[in-house]
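Secondary and tertiary structure notes
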Amino acid sequence: MKKTNLFKIIVAFFAVVMFVACADVPSGENYRFKDGMIVFDEPSRVAGQESMLGFAAEPIHTVRVGFIGLGMRGPGAVNRFTHIEGVEIKGLCDLEQNNVTKCQTMLERASKPKAEEYVGPEAYKELCEREDVDLIYIATDWVNHVPIAVYAMEHGKHVAIEVPAATSVEECWQLVDTSERTRRHCMMLENCVYDFFELTCLNMAQQGVFGEILHAEGAYIHNLEPYWNSYHGNWRLDFNQKHRGDVYATHGFGPVCQALNIHRGNRLTYLVCMDTKSVNGLEIAKSKMGVDEFANADHTTTLVKTELGQTIEIQHNVYTPRPKTRLYQLTGTKGFANKYPVQGFTFTDGMLKDGVLPEGARLNPHGFASDEVKNAALAAYKHPIHQEIEEKAKQVGGHGGMDFVMDYRLVYCLQNGLPLDQDVYDAAEWSCIGELSATSAKHNSMPVAVPDFTRGDWNKLQGLKFHTK
Ligand SMILES: NC(=O)c1ccc[n+]([C@@H]2O[C@H](COP(=O)([O-])OP(=O)(O)OC[C@H]3O[C@@H](n4cnc5c(N)ncnc54)[C@H](O)[C@@H]3O)[C@@H](O)[C@H]2O)c1
């Protein structure tokens, strides 16, 4: 072949490669292929609608609450609310009368007034329409979260939604837009951010103990084999049978996003996801549902990049026998934190504040700090929220107390007219991982842009703040 022809072929080849890499190609779905990346449609903000960043509502002296979804998770919340001052439980709603009756008994035992009962698939509407309710607390199956939350906000109620708040990118936008339009709080009930180790580490991270955090890890690895039969109408296995990707990312993802100040001076830019084939999930679904296909992988791994150049790895596995773990790991330029399977730190000289290091203690930059150093640091960096409420939280309980800390903070912020610890953008960012990771996996781990649910405002707040009066 003549040299000139070869040259033309090479030029043509690179032209095609460049075209494909830079093209903006519709997919026929709610995303496009743009510059080598999958980009989901981002609706622009409707005129008159404003950001909810830093939003604070009028103080509510007595928070009047209605609970919707009283299966395995909901009753624990009802119980915890009986231990919070300045709360009235106005309504209890579920598909099953039985579940409502159990919670009524709980109120009676706590010497609280009876709540109004709502039973049936549409009964939540009546509860949301009540004038004397401020907060709707949702603990139904996942697909009911957004329809109920939207209805509640449209009827003037603040909402708190169990995890994940939403099941698709489109549902995330619905929460953001409804919250912005109605000026109602929409908080996802991500309890793991209030766990004792995580909140202490957040405090350390905010005080620079780990230097600059470069990499973080989180997971939901929990063999649900003993529980599959307990979900109402088999909703969870049914959802996983139909959905690929990390469908339950928020427990692992939320705490590390907080440590990285996501949408408070930093943002998630894109992710890639790779998953295994389904073996155990398919086996369970075959025997329980009589199906031959199962979309959710036995083990799903997602890597997310941030604007400030950090990486986050999250994993999901609810099918194989192994110890339960949320991982929780922070890797910084000057230190390291790890929660599972052993809580431990690597600290380096000069990073802990004065007086924390026990007399004569030496730090090892390639090993865990001694128990003496670890315990001294855990005590010195205990988060002010835990200093205030830890004892009561441990008495009331709920995953060792973190659930009570969450409910307590939600009510405290509402009572005092403060911004909530988790806003609607957290709910959207942490929940959207489900569909985004599924889409990456479906396209051979192609990068997927993470939507900016703040619509350009991710750099307006600097750092995460838990507000107090
Ligand atoms: N944060 C945590 O640690 C944690 C732990 C467990 C569960 N969860 C979350 O809690 C939620 C509920 O999970 P679960 O384990 O209790 O499931 P579950 O199946 O035991 O309970 C769901 C309940 O919702 C009710 N429900 C469904 N549709 C309804 C409707 N339209 N109106 C009223 N009630 C309705 C059902 O009757 C059922 O009682 C899920 O979002 C789950 O992810 C969170």
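Residues numbered from 1 in each chain as written. Predicted model: local features only at pLDDT ≥ 70, side-chain atom pairs only at ≥ 80, totals over all residues.

Our focus in this paragraph is the pairing of strand 6 (residues 116–119). Taken together, the four bridges between strand 5 (residues 87–94) and strand 6 define a ladder with parallel strand orientation. Each bridged residue has a counterpart across the sheet, and for Gly-91 the counterpart in strand 6 is Glu-116. Between the parallel elements strand 5 and strand 6, the chain passes through helix 3 (residues 97–109) in a crossover that is right-handed. (Pairing = 2+ DSSP bridges. Helix = DSSP H or I, 4+ residues; strand = E, 2+ residues; numbered from the N terminus. Right-handed = clockwise from strand over helix to strand, strands pointing away.)

Attention shifts here to the environment of Leu-214. Within the element layout of this structure, Leu-214 appears in strand 10 (residues 213–221). According to the C-beta neighbour criterion, Leu-214 is partly exposed, with 16 such atoms within 10 Å. Once the C-alpha coordinates of Leu-214 and Thr-306 are considered, the two residues, 92 residues apart in sequence, prove to be 9.7 Å apart. Each residue touching Leu-214, except ones within four places of it in the same chain, is listed here: Gln-310, Thr-331, Gly-332 and Thr-333. (Buried ≥ 20, exposed ≤ 12 C-beta atoms within 10 Å, placed from the backbone. Contact = placed C-beta atoms within 7 Å.)

The next subject is the packing of helix 2 (residues 74–81) against helix 3. Helices that pack against each other are described as a pair by the angle of their axes relative to one another and the distance between those axes. Closest axis-to-axis distance for the helix 2/helix 3 pair is 10 Å, and the angle between their directions is 20°. It follows that helix 2 is roughly parallel to helix 3 by the angle criterion. At the point where helix 2 passes helix 3, the crossing takes the right-handed sense. From helix 2, Pro-75, Val-78 and Asn-79 reach across to helix 3, where they touch Lys-102, Cys-103 and Met-106. Grouping the constituent residues of the contact of helix 2 with helix 3 by class yields four nonpolar, one polar and one charged. (Axes fitted to C-alpha atoms, helices over the stretch in contact; angles between N-to-C directions. Parallel < 35°, antiparallel > 145°, perpendicular 65-115°, else oblique. Left-handed = near helix turned anticlockwise from the far one by under 90°. Nonpolar A, V, L, I, M, F, W, Y, C, P; charged D, E, K, R; others polar.)

On to the packing of helix 8 (residues 235–242) against helix 10 (residues 280–289), then. Between helix 8 and helix 10, the least distance of the axes is 11 Å, while the angle of their chain directions is 125°. As far as their axial angle goes, helix 10 and helix 8 are oblique. Of the two elements, helix 8 crosses helix 10, and the hand of that crossing is left-handed. From helix 8, Leu-237, Asn-240 and Gln-241 reach across to helix 10, where they touch Gly-281, Ile-284, Ala-285, Lys-288 and Met-289. Grouping the amino acids of the contact of helix 8 with helix 10 by side-chain chemistry returns four nonpolar, three polar and one charged.

Further remarks concern the nonpolar core. Ile-138, Ala-149, Leu-175, Ala-427 and Ala-428 are the most contacted members of the largest nonpolar core, which totals 121 residues. It is helix 13 (residues 402–415) that contributes the most residues to this core, ten residues altogether. Counting contributing residues, this core receives three or more from each of domain 1 (63–189) and domain 2 (193–384 + 424–449). Sequence-distant contacts of Ile-138, defined by excluding residues within four places in its chain, comprise Ile-68, Gly-69, His-145, Ile-148, Ala-149, Val-159, Ala-160, Ile-161 and Glu-162. Counting five residues, the second largest nonpolar core, distinct from the first, contains Leu-237, Ile-284, Phe-294 and Ala-295. (Core = buried A, V, L, I, M, F, W, Y, C linked by C-beta atoms within 7 Å. Domains from an automatic or database assignment.)

Close to the ligand lie 26 residues, the nearest being Gly-69, Gly-71, Arg-73, Leu-95 and His-232. Contributing elements (two or more residues each) for the shell around the ligand: strand 5 and helix 5 (142–154). Taken together, the residues of the shell around the ligand break down into 13 nonpolar, eight polar and five charged. Two domains each donate at least three residues to the shell around the ligand, and these are domain 1 (63–189) and domain 2 (193–384 + 424–449). (Near = placed C-beta within 6 Å.)

As far as domains go, the chain holds domain 1 (63–189) and domain 2 (193–384 + 424–449). Summarising the inter-unit geometry, the C-alpha centres of domain 1 and domain 2 are found 27 Å apart. Listed by partner, the interface residues are 21 residues for domain 1 and 19 residues for domain 2. Of the residues forming the side of domain 1 that touches domain 2, the biggest block, five residues, is contributed by helix 6 (residues 169–182). Of the residues belonging to the side of domain 1 that touches domain 2, the class tally is 16 nonpolar, four polar and one charged.

This next bit is on the pairing of strand 4 (residues 63–68). The buried fraction of strand 4 amounts to five of the six residues, a majority that puts the element mostly inside the structure. Of the pairings in the sheet, the one linking strand 4 to strand 5 comprises six bridges and is parallel in character. Of the residues in strand 5, the one forming a bridge with Ile-68 is Cys-93. A crossover links strand 4 with its parallel partner strand 5, the connecting element being helix 2, and its sense is right-handed.

A word on helix 12 (residues 384–396). The end-to-end C-alpha separation of helix 12 is 19 Å, in line with the 18 Å expected for 13 residues at 1.5 Å each. For helix 12, the principal kink sits at Glu-390 and spans about 60°. Lining the buried residues of helix 12 we find helix 2, helix 7 (196–206) and helix 13. Downstream of helix 12 by a residue or two, Gly-397 has a phi angle that is positive, lying close to 90°. (Expected span 1.5 Å × (residues − 1). Bend = angle between axes of the 7 residues up to and from the residue.)

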